[in-house]
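# Notes for the structure review
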Amino acid sequence: MIEKSYLSSSIRTIMMAGFGSVLLAGAPVYAQDQASEEEQDEAKQEEPAEKILVTGSRIRTDGLDNPTPVEIITAEIAEEQGLNTLGELLRTSTVAAGSDQLISAYSVGYVTNGGSGAESISMRGLGANRTLVLLNGRRAGPAGTRGAVSAFDMNALPISVVERVEILKDGASSLYGSDAVAGVINIITKRGEGGQVNVSGTQPFEKGGERFRVNATYGEAFDRGSWRVVADHNVNTGLQRKDRDYFDCSQRYLFDYDTGQRFDPIDPETGDYHCSESGFGLWHASIAPGVAGGRIQYDYNDFGYTPVSETNPGVDMAPEGWYWAGYDRETDGYMDGGGHPGRLNATMIPRTTVSSVYGQADYDLTDSISLYGELLHSRRVTKSESVRQFWTADIGGYVPVNSVEGWSGNGTSYVMPVHYNAKHYGNKTTVDYSRAVIGLEGAIGFWNWDISYQRSHNSGEYEQDIIFRDSMLMAQYQLLGVPCEGQVTEFSNRECVTYDWFDPSNIYGNPSQEAVDFLFGIDTGNTMYRQDTFDAYITGDLFNLPEGPVGAAMGVYWQRDEIDDTPGIHTRNGNSWGLTGAGITAGSALTRAVYAEFQLPLLRDLPMIESLDLTASGRWTDVNVYGSDTTYKASMNWSIGHGFRVRASRGTSFRAPALYELYLENQTGFIGQTADPCLNWVESSNPRIRENCAAEGIPESYTSAIGSGGSMTSITGGGAGQLAAETSVSEGIGIVYTSPEGTFAASVDYYDVVINDQISSVAGSAVLSQCYTSEDFANEPFCDQFDRRDGSEDGDWSIIEVRGGYLNTAEQVVRGIDFVVTYQDSFEFGDIRVKWDHTNQIQRSFQRFATDEPSQYIGRIGSPRHIGSINTTLNRDDWSYNWNVTYYDKTDEYDYYGFDDTTYRDNKVRFVAETPVYVLHSLSASTELSNNMEVTFGIANLFDKQPPKVSPAAVSVVGNVPLFASQLDYLGRRAFFNLSYNF
């Protein structure tokens, strides 16, 4: 029990220091509550300080004075704040909270790295590929599905296994190799004796988003070793759009520019502002120049709209129930919006179940050699449902009203049936992740050595509901009179079914079962990613200088990565309608490296210099797919005296291309038509865009496109044979103060990272921009990378498909300051501990091409300039109380646009593209119910802070909530609990 209390108190001490990076396991650093000062003094005299390894160094040290800033997050924080996953725990750190993180909600309706449900961490906003994740000091291999697998999926490791996380806030490629550009996250697992059973849960005050977990662990220690095993089962029930008011309806959220009055149209069926979601019906082409086409829709609710034949001058006769909408501001409110059941039932946060087993053991073979091993296996199942449209684009889109049975017109009305698919557009992802480690460690005199081998194996299966393209073509050709009976589709082998494109039930998304079987199916793909590593190093003291011993570490490293992603057969042969195709992504890379690190004590016991140490490290790395490179790092640690210390570092890093960046085969994504520079080019402020769009023959009247609120297809391929490694320089300097009595500590650290030759996916808007801003437009190669419609179909010049690839083109710069202030003391009312973390992000800029103006992200939505947290814990009698406050600075997109207005129905209106200061509170209490039972309960988002509202015209949204701002709380106020039984 004494050892456990020493460890926990050490953790508290280092958390209080805020700048420490070492846990002296078993050393009584600050344990007044467990032992008297005399007992501690005796223990210090009896036991010499133990030298241990520190994240960010291979050299064993015996103090807290690390030359680079390391943040330590204990698993206790998860219990105190009701956090359920490792990803949630890591997002409490300001190195992650200052930028948008990949969360599972983004994979609903979007193609994300790692596939549906995957979550990763990006330090400093530099990307998950540039953040190295270690598990007990060794690489945690990538996990996920689809071709773009490259980062560790935070779902793969249950939080119940975690003892603490050490975050090195500095580049470390010279020690750890590729990916350690932004820093290193080292996850330390639990050890020790005894068993524990935990039951925990989170229950929002509104329906949806419930989470439940049960786990058990048991371990034993004996004379020559120890072992521990953990089993964990975690269920996230998911969240549907209808579960929260702020998700279920996307209003235009526009305001009259002069009066400030809300300018949205009113939905007559609800009396509220209209939901402007992408809908369904008959898209109506413009009748005449200056006359809007709008949409012909069916009155599903029998509301009593005026029949289309009485309002639309191009329609003389139509079946009962059809009306005309969307041709002026008032009738915009008549259009079907967000009230469709399929849209309301669509997934916001996917339902996810993760089952995991983790074990570790060590055994002393001799007095100086130990054998150790780790084994992890987890299975994640993620399910989500969404909605999509489909239409008759393959046969030209529009058909004359006169050609439809039961309809007639004067020959000027053309319509395109757009149908909803709300029941057959879900996906299911299953990821099996296994990781095994075996190693030997020992000592030769005063030198310690470690040899380990690791294999991680990821096997993923992704099932996607699709629309068969061959069936769609067969169904569309029926509009042209092509017979259906007896035909069988080419790839899906489905017998043709007569499909009525003008049936209101079909348009609404309720086709017959025969039509469902004909049009829809499931495509299944598989992803394998395997990583093997071998690492061997030795560390000890080389010789003594007058100021102390010179420490050293030297090692060799070997790594092999292999990926094989095979999309479903219909995706590979292009038979997935609207999703295009993707090929097999397969390839491997072999990495070899040698490294060394030296720690030199330079000065001691001089005026203003209690100690001055220099640490230097270097690494040579060879990757067979691009070549070799060297990196270095030098760190200074200067103890001034009276509790003050200065630390500084400068180092180089590199990142070898990820396998998907090399071998990705035709991965498909989507980009809004608004990215087209030639959309309304006549009003562009760039004269070169106006000149080049005019030269292509795009008319001035091209101000909107069919589906302009939707997307164009974007296809990305790998850059094997032409990619080099990214290189970077990381610099930092900081000052640390610790009060003599150990109750107060503070640190201020400045960081600066510059990445050159950053690998960038040149696709979508970048390709289009490079084309239409080119000085040599006629010969610009980027202009051959997309296909545009020719305007022959009702003046539609929209872009069909844009193609790109991975190139070394970009530069990225991040600069900022980290502040940490901690206070801990004892009073009559109890022991109190306060820790304040704050990051001021000064710059995060991205420059894709040398001719581009760097884009500044700080201050934009998802990248607040100031972020921080204040964590306060009070221990009183047998109770512990925790209050956590997290805050994010205001953000906006106005600088990006250069304006805050747009035009709606020829009226100047203001859009909203800003978020105010956003503050979240959580409160919890914990106590020991008996000698073996502990309970924690609390409330997260105590004041039910809802996400801010923005305008879809300016910001990507779900409802009116900014989509790419992972700092926002989606669930609202919720209660949480954790019940533990120890044995």
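Relevant structure appears above.
Description of the structure in this document. (Residues numbered from 1 in each chain as written. Predicted model: local features only at pLDDT ≥ 70, side-chain atom pairs only at ≥ 80, totals over all residues. Heavy atoms only, no water.)

## Focus on the sheet that holds strand 5 (residues 183-189)
What the five strands build is an open sheet, ordered 1-4-5-2-3; its pairing is mixed. Each end of this open sheet is capped by a strand with a single partner; those strands are strand 1 (70-74) and strand 3 (138-139). Relative to strand 5, strand 4 (residues 162-168) runs antiparallel, the two being bridged by six bridges. Each residue of the ladder has a partner; that of valine 162, found in strand 5, is threonine 189. (Pairing = 2+ DSSP bridges. Helix = DSSP H or I, 4+ residues; strand = E, 2+ residues; numbered from the N terminus.)

## Notes on the pairing of strand 31 (residues 712-717)
Burial analysis of strand 31 places six of its six residues in the buried class, the great majority of the element. Going residue by residue along strand 31, you find Met712, Ser714 and Thr716 tucked away on one face and Thr713, Ile715 and Gly717 tucked away on the opposite face as well. Examined bridge by bridge, strand 31 and strand 35 (residues 799-827) share five bridges and lie parallel to one another. Its bridge partner lying in strand 35, threonine 713 is registered against glutamate 801. (Buried < 20%, exposed > 50% of the residue type's maximum accessible area, 1.4 Å probe, protein only.)

## Thoughts on the pattern of salt bridges
Side chains that differ in charge, positive against negative, can pair when their charged atoms come close. A full pass over the atoms with the stated rule returns 36 salt bridges. Lysine 169 is the partner of glutamate 71 in a salt bridge, and the nearest nitrogen-oxygen pair spans 3.7 Å. Here glutamate 71, found in strand 1, pairs with lysine 169, found in the loop between strand 4 and helix 6 (173-176); they are 98 residues apart in sequence, far enough to count as distant. Note on glutamate 71: relative accessible area 7%, which makes it buried. On the accessibility criterion, lysine 169 (8% relative accessible area) is buried. Measuring nitrogen to oxygen at the nearest pair gives 3.3 Å for the salt bridge that ties arginine 343 to glutamate 277. Here glutamate 277 lies in the loop between strand 10 (254-256) and strand 11 (281-284) and arginine 343 lies in helix 9 (residues 341-344), a separation of 66 residues in the sequence. One exposure class covers both arginine 343 and glutamate 277, and it is buried. Three or more residues joined by partner-sharing salt bridges are found here, namely Arg130, Arg655, Glu661 and Glu726. (Salt bridge = Lys/Arg side-chain N within 4 Å of Asp/Glu carboxyl O.)

## Points about the nonpolar core
Ranked by internal contacts, the top residues of the largest apolar core, which has 37 residues, are Leu86, Leu89, Phe152, Leu157, Val165 and Ile187. Excluding residues within four positions of it along the chain, valine 165 makes contact with Glu71, Ile72, Ile73, Leu86, Leu89, Leu90, Ile185, Asn186 and Ile187. Formed by 36 residues, the second largest nonpolar core is a distinct cluster that contains Tyr253, Leu254, Ile349 and Leu971. (Core = buried A, V, L, I, M, F, W, Y, C linked by side-chain atoms within 4.5 Å. Contact = heavy atoms within 4.5 Å.)

## Observations regarding the packing of aromatic side chains
Enumeration according to the criterion identifies 40 aromatic pairs in this entry. Between tyrosine 897 and phenylalanine 911, the ring centres sit 5.6 Å apart and the planes meet at 65°, which makes this aromatic pair edge-to-face. Within this pair, whereas tyrosine 897 is found in helix 17 (residues 894-897), its partner phenylalanine 911 is found in strand 42 (residues 907-911), the two being separated by 14 residues in sequence. Among the aromatic residues, those joined into a ring-pair cluster are Phe280, Tyr298, Tyr300, Trp322, Trp407, Tyr420 and Tyr508. Residue placement shows arginine 262 over the ring face of tyrosine 273; its charged tip is 3.9 Å from the ring centre. Above the plane of the ring of tryptophan 283 lies arginine 295, whose end atom (NZ or CZ) is 4.2 Å from the centre. (Phe/Tyr/Trp six-rings, centres within 6.5 Å; stacked < 30°, edge-to-face > 60°. Lys NZ or Arg CZ within 6 Å of the ring centre and 35° of its normal.)

## Focus: the state of the cysteines
On inspection of all chains with the given rule, the structure shows four disulfides. Covalent S-S linkage joins cysteine 249 and cysteine 275, the inter-sulfur distance amounting to 1.9 Å. Across the S-S bond of cysteine 249 and cysteine 275 the torsion is about -115°, and the bridge reads as left-handed. With a gap of 26 residues between them, cysteine 249 in the loop between strand 9 (239-240) and strand 10 and cysteine 275 in the loop between strand 10 and strand 11 connect regions that are remote in the sequence. When sorted by exposure, cysteine 249 lands in the same class as cysteine 275, which is buried. Covalently, cysteine 771 is tied to cysteine 783 through a disulfide, its sulfur atoms 2.0 Å apart. Disulfide cysteine 771-cysteine 783: torsion about the S-S bond near 105°, hence right-handed. You can see cysteine 771 sitting in helix 16 (residues 765-772) and its partner cysteine 783 sitting in the loop between helix 16 and strand 34 (786-788), a full 12 residues away along the chain. Of the two residues, cysteine 771 and cysteine 783, neither departs from the other in class, the shared state being buried. If one numbers only the bonded cysteines of the protein, in the order they occur, the disulfide pattern is 1-2, 3-4, 5-6, 7-8. (Disulfide = S-S within 2.5 Å.)

## Concerning the sheet that holds strand 10
As summarised here, the arrangement of the three strands in space is 10-42-41, forming an open sheet in which the pairing is antiparallel. Every interior strand has two partners, whereas the edge strands, strand 10 and strand 41 (901-904), have only one. Pairs of neighbouring strands in the sheet enclose a mean axial angle of 50°, with direction left out of account. Bridge count between strand 41 and strand 42: four bridges; the pairing is antiparallel. Bridge pairing in strand 42 links threonine 902 to valine 909. (Axes fitted to C-alpha atoms, helices over the stretch in contact; angles between N-to-C directions.)

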